[in-house]
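Topology and contacts: notes
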Amino acid sequence: MTSQPEKRSPVARRSVLGTALGGAAMAALPGTAHAGTSADSARSAPSAGAGRPWRLRDTMTTDGSWQRFLGGQDLLWKKLPTLWYEGPFLGDGLLGSMVYQEPGANRIRFTVQHGRVQDHRPEFGSTWGTCRLPVGHLTLDPVGTITAVDWRLSLFDAELTGTVTTTAGTLTLRAHIHDEVFAARVTAFGGEQVTWTFHPEEALSPRHISEAPPSGYTANPAWTTRTTADGTEQVLQPLTGGGQTATAYRRTGDDLLLSVGHSFPSHTAAEADSLRSLRRASSYAGLRRRHTRWWHAFYRKSFVSFPDQRLQSFHWIQLYKVASASRAGGPVMATPGPWLEPTPWPAVWWNLNVQLEYWLIHGFNHPELDALATTLRQNQEQLAANVPTAYRTDSSGIGRSSDMFGDREVGQPGTGAETGDLTWALHNVWLSYRHSMDKALLRDTIYPVLRRAVTYYLHFLTPGSDGKLHLPSTLSPEYPVVPPQDTNYDLALIRWGCQTLVESAQLLGVEDELTPRWQEVLARLTPYPVDDNGFMIGADTPYAQSHRHYSHLLMVYPLYLVNWDQPTSRDLITRSVAHWHALTGAHRGYSYTGAASMYAMTGDGDTAITYLRKFFDPTTRFPCRANTHYTEAGPVIETPLSASQSLHDMFCQSWGGVVRVFPAVPTAWADVTLHDFRTQGAFLVSAVRTAGVTRFVRVRSLAGEPLRLRHGLSGTLTAVLDDGTPAHSRDLGDGTLAIDLPRGREVLVHSGSRPDLVIAPVAVSEPGPAWGLP
């Protein structure tokens, strides 16, 4: 995540607004392996349980059941946190706050940051001119010296509660964020008093911690303050490049309400927006009712439980975290999310970070959190303006880092530039399509933007003396050598892009004039450069020094172009992943989560969990932190979120047109429960594993897509629809069934007599301490 020189093309910015994705899925891409071969269609053999209607008995249907379960995953503090990666964190996808001791002072800091607050001077680049900007922080200033805290961050209520004990008395505390309003209720006892102070922060790039401003850069103007007629205080921050940030706050009794607005190009709209948000909030109690109603409904969309207490808690905290940091229609997450701190990376990074940030939302069944898809849909004009002028009529791209509007020039193949980042980001949007089967997403976003991203590559592919198409020099993020030709990062993305475009044109009924060209590229593109150690960085460039990214392995994960269902690829995959991790020194947290997901693809859950646990090992250089956040030279949100995706890859996978249930569960986890886990094809999977054996699998189809289910069951199988009639199924071999499942229907697959169809938490067999500072 280093900076590169950049230039900007002025393009009108538009608000990132949109709606949550709906929908359903698509058949496997051409060239993707399928397990087994199809047998003649036949009904499942009747067995005990066939012929009787059935339904799951879900024990997680009441507020009480969710409160008890999630209460066991809460973060706790018995010690005052002193750093941002130790403390509680709150957010609503836009406004964010972290809570920790004011450095060097007897106060408690509540940071106030907002995902839409950025500068608007593209001529100074993404890390200075269009970076996220700090807003300020509140402090709670006690009378006495703080001697103890007792805090709980409730996941179920998304609320911080607890006490602060001082030499003068006690403060009780409640805080949450909803509808862009920070709300706190603090009550004093004994000799304590409640004193709040808001500290505006200079509207200066957080990157100032690592470098001086670029030449010609001038500071933004100083903020001003005012008090409205109803006693509301406001801090107004004008920006040199246009726009305004406004922070409004008022205190009524024990309650404090604060809101942040940001407008561009308007110099005044933020002022009115922040006041309007406070008026809507009215009171702590009123806002809390709306807040808890949203969160209680949010969690019920899916359920997962497994017996490792520490990791199970971590997993649920990541769902809370991503919902606190992102919502569809809002700004795509910057590297620190909405919790801005001093950092070299106060922007959106497109060469790994943004992709890893959003993978977990799919299995968790929360497409309403997908700000990435809406960002790309609504900024297509900017993506076109990012490529050199000569290619703007038919091409699009994005450079390594940008603001929330995607404003960053991309370099040209042949110059050693990093050119594939937009195509990789579109793979995320493709995953959103595959998990929703929302054809509008395919038609309006993926197809037009991917067509332009791939066309940019096509301008530079040239035939070699071997008759193959070759790509001039490009950079494999972020491998530190002279960029080679035929970089594997780009070859994998070109192959995936052309396959996806061919298939998408068929699905959309489009007769595209470029289809023959895409097919030619698939037929003639040079093979991936490989040596004895596996996949190379590019032509004549081996993987020869430790590298934190797995850019050269994208064809294995997450693209699955080279995968474990291809027997001839298994040795190459094994050598490549082993060699990647054999060269140590540069690995970071996502190096371990990436390896865990790759081993999960091979079905080796024990090796997968071994690599994942390295991320939680405090003896590594960059481990997971006390509050489950992560830092290198600054806050980086993607790695913990990708660790949750590694867990998903152990529990359920759906690449290659096959839904795989419990494909790589570690041996130590004898019991696992999944409920409404969303997969490609827009299926909701529920499954229970007890004593190391899968008991049943239930699949609900949201779109009527073909279902190929690798079920993990043994013995004589029953596949029965929700009305009790046998499902039409075909044995494809290798433990895979093809099942005819109409849209809106459910199928139950089990062996032997019908088991108890209970969805419930599993017992903890690996106890662990709570996250936080317990």
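Analysis parameters
Residues numbered from 1 in each chain as written. Predicted model: local features only at pLDDT ≥ 70, side-chain atom pairs only at ≥ 80, totals over all residues. Heavy atoms only, no water. Phe/Tyr/Trp six-rings, centres within 6.5 Å; stacked < 30°, edge-to-face > 60°. Helix = DSSP H or I, 4+ residues; strand = E, 2+ residues; numbered from the N terminus. Buried < 20%, exposed > 50% of the residue type's maximum accessible area, 1.4 Å probe, protein only. Pairing = 2+ DSSP bridges. Axes fitted to C-alpha atoms, helices over the stretch in contact; angles between N-to-C directions. Arc of directions from axis to C-beta. Polar contact = N/O pair within 3.5 Å; in protein donor to acceptor, adjacent residues only side chain to side chain. Contact = heavy atoms within 4.5 Å. Salt bridge = Lys/Arg side-chain N within 4 Å of Asp/Glu carboxyl O. Core = buried A, V, L, I, M, F, W, Y, C linked by side-chain atoms within 4.5 Å. Parallel < 35°, antiparallel > 145°, perpendicular 65-115°, else oblique. Left-handed = near helix turned anticlockwise from the far one by under 90°. Nonpolar A, V, L, I, M, F, W, Y, C, P; charged D, E, K, R; others polar.

1. Notes on the packing of aromatic side chains
Counted according to the given criterion, the structure contains 45 aromatic pairs. Seen in terms of ring centroids, F306 and W669 are 4.8 Å apart; in terms of plane orientation they differ by 40°. Their pairing is tilted. In this pair, F306 is assigned in the loop between β17 (303–305) and α5 (309–325) and W669 in the loop between β25 (659–661) and β26 (672–679), connecting sequence segments 363 residues apart. Accessibility assignment for this pair places F306 and W669 in one class, buried. Ring centres of Y391 and F460 lie 5.2 Å apart, and the angle between their planes is 55°; this geometry places the pair in the tilted category. One end of the pair, Y391, is in the loop between α9 (380–385) and β19 (401–402); the other, F460, is in the loop between α11 (439–458) and β20 (462–463), with 69 residues separating them in the sequence.

2. Some thoughts on the sheet that holds strand β28 (residues 693–701)
What the 6 strands build is an open sheet, ordered β17-β26-β27-β28-β33-β30; its pairing is antiparallel. Bordering the open sheet on either side are β17 and β30 (717–721), each of which pairs with just one other strand. Across this sheet, the average inter-strand angle for adjacent strands is 20°, counted without regard to direction. For β17 and β26, the ladder comprises 3 bridges, and the chain directions are antiparallel. Note on β26: the bridge partner recorded for S305 is T673.

3. A few points about helix α16 (residues 605–614)
Inspection of α16 places G605, A608, I609, Y611 and L612 among the buried residues, and these make up the whole buried set. Down the axis of α16, the buried set is contained in an arc of 160°. They therefore lie on one face.

4. Things to note about the side chain of N488
Inspection of the secondary structure assignment puts N488 in helix α12 (residues 488–508). Within the structure, N488 has its side chain in polar contact with the backbone oxygen of P529 (distance 3.1 Å). In this structure the side chain of N488 is engaged in a polar contact, spanning 2.6 Å, whose partner is the backbone oxygen of M536. Those residues in contact with N488 that sit more than four places away from it in its chain are Y528, P529, F535, M536, I537, G538, H552 and M555.

5. As for the pattern of salt bridges
If you walk through the whole model with that rule in mind, you get 35 salt bridges. In this structure, D255 engages R185 in a salt bridge whose closest nitrogen and oxygen atoms are separated by 2.7 Å. Taken together, the residues span a long stretch of sequence, with D255 in strand β16 (residues 255–263) and R185 in strand β11 (residues 181–190) at a distance of 70 residues. The class for D255 is buried, based on a relative accessible area of 12%.

6. A look at the sheet that holds β11
The sheet built from 10 strands is open, its strands ordered β13-β14-β15-β16-β11-β10-β9-β8-β3-β35 with mixed pairing. For this open sheet the edge positions go to β13 (224–227) and β35 (772–773), each flanked by a neighbour on one side alone. Along the sheet, helix α4 (residues 284–299) makes contact with β9 (159–166), β10 (169–178), β11 and β16, crossing β10 at roughly 55°.

7. Side note on the nonpolar core
Core analysis: the biggest nonpolar cluster contains 213 residues, and W151, F182, Y299, W316, F651, W669 and V747 have the highest contact counts within it. By residue number, the principal contributor to this core is α11, which donates 11 residues. Core analysis: the second largest hydrophobic core is formed by 9 residues, A183, L275, L278 and L287 among them.

8. Things to note about the pairing of strand β14 (residues 233–238)
Sheet topology note: the β13/β14 ladder contains 4 bridges and is antiparallel. When the bridges of β14 are listed, T224 appears paired with L236. Connecting β13 to the next strand, β14, in antiparallel fashion are 5 residues, including G231 with a positive phi near 90°. The hairpin formed by β14 and strand β15 (residues 244–252) contains 5 residues between the paired strands, and G242 there has a positive phi angle of roughly 105°.

9. Some thoughts on the pairing of strand β7 (residues 136–140)
Burial runs high along β7: 5 of the 5 residues are buried. Of the pairings in the sheet, the one linking strand β6 (residues 108–114) to β7 comprises 5 bridges and is antiparallel in character. What sits directly across from F110, in β7, is L138.

10. A closer look at the packing of helix α10 (residues 421–436) against α12
Interhelical geometry of α10 versus α12 gives an angle of 40° and a closest axis separation of 10 Å. Compared by their axis directions, α10 and α12 come out oblique. As α10 runs across α12, the sense of the crossing is left-handed. Each of D421, T423, W424, L426, H427, W430 and Y433 in α10 lies in contact with α12, whose residues at this interface are Y489, L493, W496, T500, S504 and L507. A breakdown of the residues in the contact of α10 with α12 according to their chemical character gives 8 nonpolar, 4 polar and 1 charged.

11. Brief notes about the side chain of T673
The residue T673 is located in strand β26 in this model. Under the relative-accessibility criterion, T673 is labelled buried at 3%. Of the polar contacts made by the side chain of T673, one reaches the backbone oxygen of A760; its length is 3.1 Å.

12. Re unusual backbone geometry
Look at the link from F264 to P265: it is a cis peptide, with omega at 5°. Tracing the backbone through its elements, the reader meets P265 in the loop between β16 and α3 (269–281). In this model, Y557 is joined to P558 through a cis peptide bond whose omega is 10°. Inspection of the secondary structure puts P558 in the loop between β23 (534–535) and α14 (570–582). Phi is positive for A158, close to 50°, though the residue is something other than glycine. Looking at where A158 falls in the secondary structure, it is placed in the loop between β8 (146–154) and β9. According to the relative accessible area criterion, A158 is buried, its value standing at 3%.

13. Here's the deal with the packing of α16 against helix α17 (residues 638–651)
Interhelical geometry of α16 versus α17 gives an angle of 170° and a closest axis separation of 11 Å. The angle between α16 and α17 falls in the class roughly antiparallel. For the pair formed by α16 and α17, the contact residues are A608, I609 and L612 on the first element and A643, S646, L647 and M650 on the second. Taken together, the residues of the contact of α16 with α17 break down into 6 nonpolar, 1 polar and no charged.

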